[in-house]
Amino acid sequence: MTEPAVRAWEAASRLVELLDVEVRMAEEGGGIRIFLELPPHRGETNHLEVLSVLQAADRFGHRRRSGQEQLWAVCRSLPER
């Protein structure tokens, strides 16, 4: 498994644990994109833990489409040194 795939898999697994939602992954130009839809009521979600998982990615964000909130993150290959 490639380095971005390992990072993406670890992040996706942790997000499933924290949010109890389906997390999807897709290849994206040298990396892996993770995306999920947030449930309407998140209960006792620890937002700082979710943010910590997202910050471990190379890029991340939040958007709202048709009233549905979504989170996404991208893990890319690290440049060769």
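This report concerns the structure included in the present document. (Residues numbered from 1 in each chain as written. Predicted model: local features only at pLDDT ≥ 70, side-chain atom pairs only at ≥ 80, totals over all residues. Heavy atoms only, no water.)

**Some thoughts on unusual backbone geometry**
Residues other than glycine predominantly adopt negative phi, and peptide bonds predominantly adopt the trans conformation.
For step 1, the next point in the chain: In the Ramachandran plot, D20 falls in the positive-phi region, its phi being about 55° despite a non-glycine side chain.
For step 2, the next point in the chain: By the secondary structure assignment, D20 is in the loop between helix 1 (3-19) and strand 1 (23-28).
For step 3, the next point in the chain: The backbone of S66 shows a phi angle near 50°, a positive value even though the residue is not glycine.
For step 4, the next point in the chain: Following the sequence through the fold, S66 ends up in the loop between strand 3 (59-65) and strand 4 (68-76). (Helix = DSSP H or I, 4+ residues; strand = E, 2+ residues; numbered from the N terminus.)

**With respect to the packing of helix 1 against helix 2 (residues 47-55)**
For step 1, the next point in the chain: It is the contact of helix 1 with helix 2, at a shortest axis distance of 10 Å, that shows an interaxial angle of 170°. Here helix 1 lies roughly antiparallel to helix 2, going by the angle between them. Here the hand of the crossing between helix 1 and helix 2 comes out left-handed. Contact residues: helix 1 offers A11, R14, L15, L18 and L19, while helix 2 offers E49, V50, V53 and L54.
For step 2, the next point in the chain: Classifying every residue of the contact of helix 1 with helix 2 gives seven nonpolar, no polar and two charged. (Axes fitted to C-alpha atoms, helices over the stretch in contact; angles between N-to-C directions. Parallel < 35°, antiparallel > 145°, perpendicular 65-115°, else oblique. Left-handed = near helix turned anticlockwise from the far one by under 90°. Contact = heavy atoms within 4.5 Å. Nonpolar A, V, L, I, M, F, W, Y, C, P; charged D, E, K, R; others polar.)

**Details of the pairing of strand 1**
For step 1, the next point in the chain: Direction of pairing for strand 1 relative to strand 2 (residues 31-37): antiparallel, over a ladder of six bridges. Bridging across to strand 2, V23 finds its partner in L36. (Pairing = 2+ DSSP bridges.)

**Things to note about the pattern of salt bridges**
For step 1, the next point in the chain: Enumeration according to the criterion identifies seven salt bridges in this entry.
For step 2, the next point in the chain: In this structure, E17 and R14 form a salt bridge, with 2.8 Å as the shortest nitrogen-oxygen distance. Remark: R14 and E17 occur in helix 1; sequence separation between them is three residues, near one turn of the helix.
For step 3, the next point in the chain: Ionic pairing is found between E49 and R14, a salt bridge with its closest N-O pair at 2.2 Å. (Salt bridge = Lys/Arg side-chain N within 4 Å of Asp/Glu carboxyl O.)

**A few points about the sheet that holds strand 3**
For step 1, the next point in the chain: Spatially, 1-2-4-3 is the arrangement adopted by the four strands of the open sheet, whose pairing is antiparallel. Two strands lie at the open edges of the sheet, namely strand 1 and strand 3, each paired on one side alone. On average, each strand axis in the sheet is inclined to that of its neighbour by 20°, with strand direction left out of account.
For step 2, the next point in the chain: In this fold helix 2 packs onto strand 3 and strand 4, with an angle of close to 40° to the strand it touches most, strand 4.

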